[in-house]
Amino acid sequence: MANAFVGVDFYDVDSLLSEEERAVRDTVRAWVEEHLMPIIGDAYIEGEFPKQLIPGMADLGFFGANLPEEYGCAGLNNVSYGLIMQELERGDSGIRSFASVQGALVMYPIFAFGSEEQKKHWLPRLASGEEIGCFGLTEPDYGSNPGGMITTAKETTDGWLLNGAKMWITNGSQATVSIIWAKTGAIDDTKSIRGFIVPASTKGYTAKDQKGKLSLRASDTSEIVLQDCLVPKDAILPKSGGIKSPLMCLTQARYGIAWGGIGAAMACYDEALSYSKERIMFGKPIGQTQLQQSRLAEMLTEITKAQLLTLQLGRLKDRGTMTPDQVSLAKRNNINMACEAAREARRLLGANGILAEYHSMRHMANLESVYTYEGTHDMHTLILGQAVTGLPAF
Amino acid sequence: MKIAVCIKRVPDMDLRFAIGAGGKALDPVGLKFDIADFDGYAVEAGLRLVESHGSGEVVVVSIGPTAVQETLRKALGMGAHRAIHLDAAEVPFDGMSIATALAAELKEGGYDLVLFGRMATDSANQTVGPMAAHLMGLPCVTAISKLDIANGRGTAERQLEGATETMEFPMPAVVTIDEGLGRPRLPSLKGIMAAKKKPLEVKPAQLGAANLTVDVIAFPPDRPPGRIIGEGADAVPELIRLLQTEAKVL
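Here's a quick rundown of the structure. (Residues numbered from 1 in each chain as written. Chains lettered and ligands numbered in written order. Predicted model: local features only at pLDDT ≥ 70, side-chain atom pairs only at ≥ 80, totals over all residues. Heavy atoms only, no water.)

**Things to note about unusual backbone geometry**
The amide bond that connects Met-171 of chain B to the next residue, Pro-172 of chain B, takes the cis arrangement and shows omega of -5°. Mapped onto the fold, Pro-172 of chain B is located in the loop between strand S9 (163-170) and strand S10 (173-177). We note that Leu-216 of chain A has phi near 45°; this positive angle belongs to a residue other than glycine. Leu-216 of chain A gets classed as buried once you look at its relative accessible area, which sits at 5%. In the Ramachandran plot, Ala-124 of chain B falls in the positive-phi region, its phi being about 55° despite a non-glycine side chain. Mapped onto the fold, Ala-124 of chain B is located in the loop between strand S6 (113-117) and helix H4 (128-136). (Helix = DSSP H or I, 4+ residues; strand = E, 2+ residues; numbered from the N terminus. Buried < 20%, exposed > 50% of the residue type's maximum accessible area, 1.4 Å probe, protein only.)

**Brief notes about the interface of chain B and chain A**
By convention, interface size is frequently given as the accessible area that disappears when the constituent parts associate. Contacts between the two partners involve 14 residues from chain B, matched on the other side by 23 residues from chain A. Interface of chain B and chain A: buried area, both sides summed, is about 1500 Å²; carbon and sulfur atoms make up 58% of it. The interface formed by chain B and chain A includes five salt bridges. For the salt bridge of Arg-183 of chain B with Glu-34 of chain A, the shortest nitrogen-to-oxygen distance reads 3.2 Å. Taken together, the links from chain B to chain A amount to eight residue pairs in polar contact (both at pLDDT 80 or more). (Contact = heavy atoms within 4.5 Å. Buried area = accessible area lost by both parts, 1.4 Å probe. Salt bridge = Lys/Arg side-chain N within 4 Å of Asp/Glu carboxyl O. Polar contact = N/O pair within 3.5 Å; in protein donor to acceptor, adjacent residues only side chain to side chain.)

**Observations regarding the sheet that holds strand S1 (residues 2-6) of chain B**
Residues and elements named next belong to chain B. One open sheet accounts for nine strands, arranged S9-S8-S7-S10-S6-S1-S4-S5-S11; its pairing is mixed. What marks the edges here is a single partner per strand, and that holds for S9 and strand S11 (200-204). Ignoring strand direction, the axes of neighbouring strands in this sheet form an average angle of 30°. Note that strand S8 (residues 153-160) and S9 share eight bridges and pair antiparallel. Bridge pairing links Arg-158 to Glu-165 in S9. Contacts from helix H2 (residues 68-78) reach strand S4 (57-64), strand S5 (82-87) and S11, with the element oriented near 165° to S4. Here H4 sits on the sheet in contact with S6, strand S7 (140-150) and S10, set at roughly 180° to S10. (Pairing = 2+ DSSP bridges. Axes fitted to C-alpha atoms, helices over the stretch in contact; angles between N-to-C directions.)

**Here we look at the pattern of salt bridges**
Applying the stated criterion to the full structure yields 39 salt bridges over all chains. Across the pair Glu-33 of chain A and Arg-90 of chain A runs a salt bridge, and its minimum N-O distance is 2.7 Å. Of the two residues, Glu-33 of chain A is situated in helix H1 (residues 19-46) and Arg-90 of chain A in helix H3 (residues 78-91); the sequence distance between them amounts to 57 residues. The class of Arg-90 of chain A is buried, set by a relative accessible area of 5%. A salt bridge links Glu-344 of chain A to Arg-295 of chain A, with the nearest nitrogen and oxygen atoms 2.6 Å apart. A residue pair is termed long-range when its members are at least 10 positions apart, and Glu-344 of chain A in helix H8 (residues 324-348) and Arg-295 of chain A in helix H7 (residues 290-319) qualify at 49 residues. Bridged by salt links that share partners, the residues Asp-14, Arg-25 and Asp-26 of chain A together with Lys-32 of chain B form one connected network.

**Description of the packing of aromatic side chains**
The final tally for this structure, using the stated rule, is 13 aromatic pairs over all chains. Consider the rings of Tyr-108 of chain A and Phe-113 of chain A, whose centres lie 6.3 Å apart with planes at 75°: the pair is edge-to-face. Taken together, the ring pairs connect Tyr-108, Phe-113, Phe-135 and Trp-181 of chain A into an aromatic cluster. The cationic tip of Lys-119 of chain A hangs over the ring face of Phe-111 of chain A; the distance from NZ or CZ to the ring centre is 5.3 Å. For Arg-118 of chain B, the ring lying beneath its charged end belongs to Phe-38 of chain B, and the centroid distance is 4.4 Å. (Phe/Tyr/Trp six-rings, centres within 6.5 Å; stacked < 30°, edge-to-face > 60°. Lys NZ or Arg CZ within 6 Å of the ring centre and 35° of its normal.)

Laid out in structure tokens, this is it:
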């Protein structure tokens, strides 16, 4: 087996991190090495999220780690939070997705748009893994265009009556609580979109696995149906309002995904580098050939650029000046970069590269989902195009 | 229960390393540092003892330059209550020099137990624990794999070749820890944040005279390359001849 993963740091990026940030990174890296790497290949082939890992992740504080301590969270800065996502995705995009959804798409909206009672009730339970959350925004016909959603919430004397369907919901089947986005007004009124905290035990709420995935196999992806699903009046997130609210959540998640892409790329580069030095062909290591060195040099260069870009994004977020457009650039660049790195690593590994014993093809398949979710690569291209021209092309 | 755990900041020997230009120390370029492996087990043992007794404190102590504070904060992140940094420009190789400084700090500290890893993973001397015990006039049990404390006495197990030895000792005492007591926990993210607020006292290390110095460090010579003498049954006679005459194992 390969040696323990020690990261990729060609430009001494470590020296730009604080002691605390490095300590956080090291804890997550060690946890991934010890608990995730031995089981992830099997979990992927079985198509099962490794639920047994949840208590350990919660004990170490991986969920909502950048939210305040008063709600049972670790109160880390955003660079540390990003490093958690990087290390988790070094293991597997599905495991990072689980933590992203729990923290950025469930805990964050409760923190940002919830009442004090909602925060005090839900956040410690989500941080401890006692409750597992999911985020219901995307619908079968509304992915890149979430404002077009047709899920509705009608106010009645007894509470809010939800009707609709959500699709491609990470953690959906195992979630005990869901943040559901629905229109409270006319179907073309995006300003009427509000968030609701919906326990999975609510009558009329059903979730079922989406079968047949060839990517993110160690992650739950589900369809949620809401049929006359009645929740109390205080289930609404009082400070949510309009499509901007779920988009703010997505900015948080995309920020973590940008870091995650570096982790997946580092895993592939590390595996390819190690393999290139051990695999003998034509009497010498394949790492001694120009073609494979070209692959490695390209991967190393792109990883290093992404590390510096993303660290600066984190510093901007900690300073409070980060813009959604800047997040789009990082998500677009890093996930595309990781897709390329995974593909090149798999090719360098030759026939062995298609085995689950190695990691690059699993990352390669996972990253095709990451390329598409949380704003497709193409949508982020258009967001950047709009940002620099002022002219929307979508 | 009041427990001191002495920890050393050492290079991660699992990574590739080189010998420095003078030939007396490792080249510091590219080295990553961490708590010495067995010292991590000692911190874990201390934390478990205090947790199982419901009260007490674990004090971590380390000697060295300012950088050792990072290692001390890692132990604080694991759950130790406070730290003492005995400041010294470098850590001498001579165990007695180190033990003198530790004994001066710990002797009047009122500790029930002083824990060490059974050896530091860089110098591998296995001397500092027993030497510090001697200087403090305390009993010392080395390389233990199990530890119980009850009624002011300790019971420890040591793994011998093919046997287990159980020892009893009065407290206070010095104990050096092998792996058996439980893997060191990772510092939780909350623990890392809390560590910044825990007390970390800095004092000059009162090192004893260093009578031992490293003369030279050298890597073992490369093993000679293997040789293929032929294939199939035709090669057997030559193989037997070489095993008899060259390798001299037959």
